[in-house]
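Observations on the three-dimensional arrangement
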Amino acid sequence: MHSDYETIIGLEVHAQLSTRSKMFCACANKYGAEPNTLICPICLGMPGTLPTLNARAVDMAIAFGLAVNAVIQKKSRFYRKQYFYPDLPKGYQITQGPVAVVEGGSLEILGDPAVRSSEGNIQIGIERAHLEEDSGKSTHEAKRSLVDLNRAGVPLLEIVGRPELRSPTEAYNYLKALHRLLTALDICDGNMEEGSFRCDANVSVRPKGQEAFGVRVEIKNLNSFRYVRQALEYEVKRHTELLKAGSTPIQETRGWDTDKGESRIQREKAEAMDYRYFPEPDLPPLEISQTELETIRLSMPELPSAHKKRFTDSYGLTDYEAEMLTQDRAFADYFESVAKLCNNPKQTCNWMLGELSRAINERGGNIKTLGVSAEYLAELISHVDNKTVNLNTAKEAIFPALLAGEGGPREVIEKRGLAQISDTGAVEAIVDSVLTAHPTQVSELRAGNTKLRGFLVGQVMKAGKGKVNPQIVNEILDRKL
Ligand SMILES: [Zn+2]
């Protein structure tokens, strides 16, 4: 794809931290309870109550910061961000001030080859990540609005990414990478339908070579990976068309209509709202010691970036292959078992991203429910490597039999007589009969129509019921023609 325009995208993600209790009180942090049952005077903002900071939420923010190589600020403060809305009982939200607990850092994602000069991983900068509390939830009906305050005071980590993404595909990859990191760290359950992982996207388009950013539009509340990509593709197209027509987009906030597949204006951005921020007087400054940092660092699991690097380094895979294999922990572990058993990581990767992924997509479920053990797949790959069967027979006949639970590869090969014919005499007899049956094609091939060679090979394979060793077929044909 070649374009005269350049897309700039930055994402802001709100991740609910999976603490047991809320950010400033002892109420349970839980989704799906009866409305207004997980509340207390503190999260309701009753006069005279005092917030107490949840230390676990701070640890989780630090773990995230360490994972993206950010600077963990040893001292930061909570502020009051004041605005009026029915789902905000206190009349202000407690968030962090100019200094966030996590500043800077970067996230490794798969770059989009359509907009980058090379394939592979790229680093996307993180501006900051700060702690804040969630608001309640309003539901608007025809003649009334309902407010559920169970979510009020649930801890959030707001992760502000730098505007370094250059296409909707990169935005999608960034979100996937961030999601995987947060779930690997076990600090967010990542459930997008329940709102545990929410995304706002800022997008602008400018003519290539222009330094100033184009007019920026914000798309709010994108709650699935697919919608993020769709909404951004739609916006990029809309902006590009406006620019081509000599016009410019308007700076505004838009929402994504999933039914119509189009973005729609929510509000025009006038001047920035004045939230009258001031330091929260009821909470002391947040101070983090070096000991605390080191303790958290030591307890961190293997991170997705390290996992991928191990795959590219130890198994000779590309960044893309490592990315695809490590999307899911069980899938990645299965790969490692098979690759070690058959000692052929490249073929294992091809099988897993090909036949196995296709089977999972068609049947639903995952690698565990597929019913093909790592031992069986490894054995099948070895049979191909040893030329007991050819790759085509392995894919078309044996693998489906494994899926159907007909036993192990050896059993299937014997029961169905699928072993490859590698006996030169037997293959030669088949080749001879095919050449005799197609005299016209043979003479045309001899006259220089080389395309007919493939046809004859196909006929031999067919006559041999797909079991003949293609290498031997080619050797014999070389000799005869
Ligand atoms: Zn409470």
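Cut-offs and rules
Residues numbered from 1 in each chain as written. Predicted model: local features only at pLDDT ≥ 70, side-chain atom pairs only at ≥ 80, totals over all residues. Helix = DSSP H or I, 4+ residues; strand = E, 2+ residues; numbered from the N terminus. Axes fitted to C-alpha atoms, helices over the stretch in contact; angles between N-to-C directions. Parallel < 35°, antiparallel > 145°, perpendicular 65-115°, else oblique. Left-handed = near helix turned anticlockwise from the far one by under 90°. Contact = placed C-beta atoms within 7 Å. Nonpolar A, V, L, I, M, F, W, Y, C, P; charged D, E, K, R; others polar. Pairing = 2+ DSSP bridges. Domains from an automatic or database assignment. Core = buried A, V, L, I, M, F, W, Y, C linked by C-beta atoms within 7 Å. Buried ≥ 20, exposed ≤ 12 C-beta atoms within 10 Å, placed from the backbone.

**Observations regarding unusual backbone geometry**
One non-glycine residue with positive phi stands out, namely Arg 276, at about 45 degrees. Residue placement: Arg 276 occurs in the loop between strand S15 (262-268) and strand S16 (278-279).

**A few points about the packing of helix H9 (residues 374-385) against helix H10 (residues 391-403)**
Put simply, H9 and H10 touch, their axes get as near as 10 Å, and they point 160 degrees apart. Accordingly, the angle class assigned to the pair H9 and H10 is roughly antiparallel. Read as a crossing pair, H9 and H10 show a hand that is right-handed. Contacts from Tyr 376, Leu 380, His 383 and Val 384 in H9 reach Leu 391, Ala 394, Ile 398, Phe 399 and Leu 402 in H10. Residue classes in the contact of H9 with H10 are distributed as 8 nonpolar, 1 polar and no charged.

**As for the sheet that holds S16**
Overall, antiparallel pairing links the 3 strands, which are arranged S5-S4-S16 in an open sheet. The strands lining the two open edges of the sheet, one partner per strand, are strand S5 (92-96) and S16. As paired strands, strand S4 (residues 78-82) and S16 are joined by 2 bridges and run antiparallel to one another. When the sheet's bridge partners are listed, Arg 80 is paired in S16 with Phe 278.

**Some points on the domain arrangement of the chain**
By convention, interface size is frequently given as the accessible area that disappears when the constituent parts associate. What the domain assignment lists for the chain is domain 1 (5-295), domain 2 (304-416) and domain 3 (424-480). Between domain 1 and domain 3, the C-alpha centre-to-centre distance is 63 Å.

**Some points on the nonpolar core**
Formed by 69 residues in total, the largest nonpolar core has its most connected members in Ala 61, Phe 64, Ala 171, Tyr 174 and Ala 201. Take this core: its biggest share by element is 9 residues, from helix H2 (residues 168-184). Residues in contact with Ala 171, not counting those within four places in the same chain, are Ile 9, Leu 11, Leu 165, Ala 201, Val 228, Arg 229 and Leu 232. Ranked by size, the runner-up nonpolar core spans 31 residues in total, among them Ala 332, Phe 335, Val 338 and Val 389.

**A few points about the pairing of strand S1 (residues 5-16)**
One ladder, built from 11 bridges, connects S1 with strand S12 (residues 197-207); its direction is antiparallel. Opposite Val 13, over in S12, you have Cys 199 as the bridge partner. Where S1 lies against strand S11 (residues 155-161), 5 bridges are found, and the strand directions are antiparallel. In the sheet register, Gln 16 faces S11, and the bridge partner there is Leu 156.

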